[in-house]
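In case you want the letters, here they are:
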Amino acid sequence: MAERHQTDEIPLASLATGATALLTRIGGDRAFRRRVMELGLVPGSAVQKRKTAPLGDPIELEVRGCRLSIRRAEAEVVWVKA
Amino acid sequence: MSEARPLIALAGNPNTGKTTLFNHLTGSRARVGNYPGVTVERRVATMTLGAGQEADLVDIPGTYSIVGRSAEEQIAVRELTGLGGGRRPDLVVLCVDATNLVRNLYLALQLQELGVNLVIALTMMDEARGILPEPHRLGAALQCSIAPVVARSGEGVSALVELIRDRLATPDAAPRWRWTPSAALREVMDRVTAAAPAGWPKDDALALWALMSVSEDDELQGVPAAVRAAALLGGPGGEAIDEEVITARYRWLDEHIAPLLSGPPERSLTDRVDAVLIHPVFGFVVFLGIMFVVFQSLFAWADPAITLIEDVFGALGGLIASSLPPGILNDLLVNGVIGGMGSVVVFLPQILLLFFMLGLLEDSGYMARVAYLMDRVMRLMNLNGRAFVPMLSGFACAIPAVMATRTMERQRDRLLTMMVVPLMTCSARLPIYTLMIGALFPPDRLWGVVPVQGLLMVAMYLFSVVMALSAAWVLSRTVLKAPNVALVLELPPYRAPRLRDVLRMMTSRASMFLREAGTVILGFTILLWALLSFPKDVELTQDYEAQIAAAATEEQAAELTAARDGERLRGSYGGRLGHALEPVIQPLGFDWKIGVGLIGAFAAREVFVSTMGVVYGVGGDVNEESVTLRERMRSELRDDGKPVYTPLVGMSLMAFFALACQCMSTLAVVKRETGGWRWPAFLFVYMTSLAWAVSFVIYQGGRLLGFAG
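Residues numbered from 1 in each chain as written. Chains lettered and ligands numbered in written order. Predicted model: local features only at pLDDT ≥ 70, side-chain atom pairs only at ≥ 80, totals over all residues.

Draft legend 1. Spatial organisation of the overall build of chain A. When helices and strands are counted, chain A shows two helices and six strands. For chain A, the α and β elements follow one another from N to C terminus as β-β-α-β-β-β-α-β. Rg of the C-alpha trace for chain A: 12 Å, near the compact-globule value of 12 Å for 82 residues, within the 12% margin. Along the longest, intermediate and shortest principal axes, the C-alpha atoms of chain A span 35 × 25 × 20 Å. (Helix = DSSP H or I, 4+ residues; strand = E, 2+ residues; numbered from the N terminus. Rg over C-alpha atoms; globule rule 2.2 N^0.38 Å.)

Structure below.
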């Protein structure tokens, strides 16, 4: 995670609820990356963190008008720039 | 192919109204089967194109992309291109949700790259009028025929059929690419194309499919080794390819499609409903309420219908028994055939009710919220939130619960759920527990407050949950170990379910159960009947017939009949099998008579009670509340004069019933869902071994601790 300190990127998981940010890059394994990108979470798109599920996981996002939910662990490897 | 009737494929993202459109286009009953090797159903139906012209319409499972490394994700690309020996469809109708255009059209771009003869059905037009003022401009931008429809009302469907007819007459299958691959990507695509052997199309889109799908641990079938090797070989890494391709497609969509929209989709209703339904407090209150209704309907509301079915089949059996001369044929018809049909039909109320409610939950969009709310809990079992409803249904009956796993996306998740659902305390186990607890444990109260018998019943429920959780934990790390797939869940807008679609799905599931699982259950019932009825020439210790004829009172005659039937059963093949089983079940504290009961219980667990009634010569017409049967059990002695049934044996037997796969109907329905005997065989072996081991530990451990064995 050395890169983390070189930029003003933060993980999507740390984004404030309700805030919108620009997606910069997606980590995680290949199948996960491909799946979320094909659902519209490509670098450069605006993503809003809408809610956190009542039990603390997963979280709800909105991208291109579409509501998606991913787990907190995965939201830790999706990077955004406020 | 020109003479055969056209084959049309219906594709689209999930939640686009695809099923509703399928029903509108076909109207008639769909032919439902399984895709080979995966637990996904394939639905085909006839659609009328007009003027005596018909076509076959195949419903492709909802998908976001044609790319994927799992066997079930491969279905779409196989159906769309005819790869792997299938027939390539003459036309593809793509359902596109007009309220979610950009994301939905991502799949359209993939299809255009593949060069399929494409027609787009623009669904949800009633919701999208405000945001997509000029749908025809979309057709121009995509260079594709488009028909706006409202699948719910059928508006625009006839225009869509007309368009389909036109496109069948004058196909347009030229590949269209909206982006240009980089030089590095071009090179690896050419390498894959060059490696393709005869029979595998030399096609850029398929090369790209291979580059994005093939991986070291994929489940793809029928990909030639040369293509596989070329797709895995060097060049830019797979991750770089994925990012380049997906970003390029979305860039085109953002530039050419997004400007056609006049604003974001109207979501205020969904927002207001979600404010309650996924609220930290109210959300769970509503959730518990809805789940209570689902559970209660299976557990209690289905009961009158179940009783009615049992009564009707009982009366039918009685009618045949009295109108035919007594003998083997009579017995076969009454106890084998009628009894077997009864034990199939008896599942229908629960199956119909569960699928009715699943249909409402799924089509309204609430099922995605169940997954969202419960994911944290179901993750403990390495499952996602969608497994919750099948697991809950398992407390009523494993049969509808196993069928309900179809609402889950992944093959591995479905299998894992099917393998642990039968461990849940289903309603058929209750009579056994009631009998054992009532016969062997005192109606005392612990500390003067808590009833011991009630406490034991609660303990059995907890035990089943703990065992199911543990089994899921172990199986997901061994037999069903799969690459950990991240949860990516779409939360679709709430929509009113269309009753006709829900009812159609419900009847289709029920008839599938009757046709496919029903025949297996019927066969098993007749086999079990034969085991417990033959041979007929069992040597009896007394001349019962003469004694019955000479009996002074009816009571005496009934006692003698029961004693005779008991002796016959003990001499039957089933009885002998019980004897043969004795060395195996003795370490669990069971004698051979219990062994006979276990064999009988395979028809359905609750049959154990009546089988024990016959074995002990108190007659088969007993229930779990029967005082005679309880007393008979308490007074039953072993050869050494000690009682057979001690509380320890009761515990051991209850644990056995909690864990053993004592249910042929479960095996039949798992066989139907998985399309083979492999998984039901595994289920039977693992559950029964687990039951044996746990009962062994309880009985032998209990004896070591000094409890009476």
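Draft legend 2. Quick peek at the overall build of chain B. In terms of helices and strands, chain B carries 31 helices and ten strands. Split into buried and exposed, the 709 residues of chain B put 45% on the buried side. Once local pairs closer than 6 in sequence are excluded, the contacts in chain B between residues at least 24 apart make up 71%. (Buried ≥ 20, exposed ≤ 12 C-beta atoms within 10 Å, placed from the backbone. Contact = placed C-beta atoms within 7 Å.)

Draft legend 3. The sheet that holds strand β7 (residues 145-148) of chain B, seen in detail. Residue and element names in this part refer to chain B. Taken together, seven strands build an open sheet; the order of strands is β2-β3-β4-β1-β5-β6-β7 and the sheet is mixed. Looking at strand neighbours, the two that pair on one side only are β2 (31-34) and β7, the edges of this open sheet. Sheet twist, expressed as the average angle between the axes of neighbouring strands with direction ignored, equals 25°. In this structure, strand β6 (residues 118-123) lies alongside β7, joined through four bridges in parallel fashion. Looking at the pairing, V119 lines up with S145 of β7. Across the sheet, helix α2 (residues 74-81) touches β1 (7-12), β4 (53-59) and β5 (91-97), and the angle it forms with β1 is around 145°. (Pairing = 2+ DSSP bridges. Axes fitted to C-alpha atoms, helices over the stretch in contact; angles between N-to-C directions.)

Draft legend 4. Here's a closer look at the interface of chain A and chain B. Contacts between the two partners involve 31 residues from chain A and, on the opposite side, 35 residues from chain B. Breaking the side of chain A that touches chain B down by element, the ones donating at least two residues are α1 (30-38) and β5 (66-70) of chain A. Per-class residue counts for the side of chain A that touches chain B are 14 nonpolar, five polar and twelve charged. Across three bridges, β5 of chain A lies against strand β10 (residues 488-490) of chain B in antiparallel orientation. Its bridge partner lying in β10 of chain B, I70 of chain A is registered against V488 of chain B. (Nonpolar A, V, L, I, M, F, W, Y, C, P; charged D, E, K, R; others polar.)

Draft legend 5. Spotlight on the sheet that holds β5 of chain A. Taken in spatial order, the seven strands of this open sheet run β1(A)-β6(A)-β2(A)-β3(A)-β4(A)-β5(A)-β10(B), and their pairing is antiparallel. Pairing within the sheet leaves two strands with one partner each, and these edge strands are β1 (9-11) of chain A together with β10 of chain B. Each strand of the sheet is rotated relative to its neighbour by a mean of 45°, with strand direction disregarded. Packed on one face of the sheet, α1 of chain A meets β2 (20-26) and β5 of chain A together with β10 of chain B and runs near 140° to β2 of chain A.

Draft legend 6. The nonpolar core, seen in detail. Residues and elements named next belong to chain B. Counting residues in each nonpolar core, the largest one holds 227 residues, and the members touching the most others are L10, L94 and A121. Tallying contributions element by element places helix α29 (residues 647-659) first for this core, with ten residues. Excluding its chain neighbours within four sequence positions, the residues that come into contact with A121 are L21, V93, L94, C95, V96, A147, V149 and L160. (Core = buried A, V, L, I, M, F, W, Y, C linked by C-beta atoms within 7 Å.)

Draft legend 7. View of unusual backbone geometry. For the bond running from D57 of chain A to P58 of chain A, omega is -5°, close enough to zero to count as cis. Relative to the helices and strands, P58 of chain A resides in the loop between β3 (46-52) and β4 (59-63). Cis geometry marks the peptide bond from F534 of chain B to P535 of chain B, where omega comes out at -10°. Non-glycine residue M124 of chain B carries a positive phi angle of around 60°. Position of M124 of chain B relative to the elements: it lies in the loop between β6 and α4 (125-128). Unusually for a residue other than glycine, N382 of chain B sits at a positive phi of about 60°. Look at N382 of chain B and you get partly exposed, because 19 C-beta atoms sit within 10 Å.

Draft legend 8. Highlighting the environment of G600 of chain B. All names here are of chain B. As for its placement among the helices and strands, G600 is situated in helix α26 (residues 592-601). As for G600 and S572, which are separated by 28 residues in sequence, their C-alpha atoms are 12 Å apart. Apart from residues lying up to four places away in sequence, G600 is in contact with L532, V607, F608 and T611.

Draft legend 9. A look at the environment of R498 of chain B. Residues and elements named next belong to chain B. Note on placement: R498 falls in the loop between β10 and α22 (499-533). Judged by the 18 C-beta atoms lying within 10 Å of it, R498 is partly exposed. For R498, the contacting residues outside a window of four places in its chain are T20, R152 and D363.

Draft legend 10. Up close: the packing of α22 of chain B against helix α30 (residues 664-674) of chain B. Residues and elements named next belong to chain B. Running from N to C, α22 and α30 cross one another at 145°; their axes reach a closest spacing of 9 Å. As for the relative orientation of α22 and α30, their crossing is right-handed in sense. For the pair α22 and α30, the contacting residues are E516, A517, V520, I521 and F524 in the first and M664, S665, A668, V669, K671 and R672 in the second. The class makeup of the residues in the contact of α22 with α30 is seven nonpolar, one polar and three charged. (Left-handed = near helix turned anticlockwise from the far one by under 90°.)

Draft legend 11. Geometry of the pairing of strand β6 (residues 78-81) of chain A. Residue and element names in this part refer to chain A. Here β1 runs beside β6; their pairing, made up of three bridges, is antiparallel. Each bridged residue has a counterpart across the sheet, and for I10 the counterpart in β6 is V80. Note: β2 against β6, four bridges, orientation antiparallel. Bridge pairing links I26 to V78 in β6.

Draft legend 12. Representation of α22 of chain B. All names here are of chain B. For α22, spanning 35 residues, the distance from its first C-alpha to its last is 47 Å, which sits close to the expected 51 Å at 1.5 Å a residue. Of all the bends in α22, the greatest, near 45°, is centred on G518. Among the residues of α22, D501, V502, M505, R509, F513, A517, G518, I521, T525, L528, W529 and L532 are the ones counted as buried. (Expected span 1.5 Å × (residues − 1). Bend = angle between axes of the 7 residues up to and from the residue.)

Draft legend 13. Region of the structure containing the confidence of the model for chain B. When pLDDT is averaged across chain B, the result is 88; 98% of the residues are at 70 or more. Scored as a complex, the prediction yields pTM 0.86 and ipTM 0.93. (pLDDT = per-residue confidence, 0-100.)

Draft legend 14. The arrangement of the environment of R564 of chain B in detail. Residues and elements named next belong to chain B. By the element assignment, R564 lies in helix α24 (residues 554-571). By the C-beta count within 10 Å, which is 20 here, R564 ends up buried. Taking the C-alpha atoms as reference points, R564 and P89, 475 residues apart in sequence, are found 66 Å from one another. When residues no more than four places from it in sequence are discounted, the contact partners of R564 are L540 and Y544.

Draft legend 15. Broad picture of the confidence of the model for chain A. Residues and elements named next belong to chain A. The pLDDT averaged across chain A works out to 89; a share of 91% of its residues lies at or above 70. Here α1 is the element of chain A with the lowest mean pLDDT, 91, and β2 is the one with the highest, 95. Across residues 1-5, where pLDDT falls below 50, the model places one contact with residues more than four positions away in sequence or in other chains.

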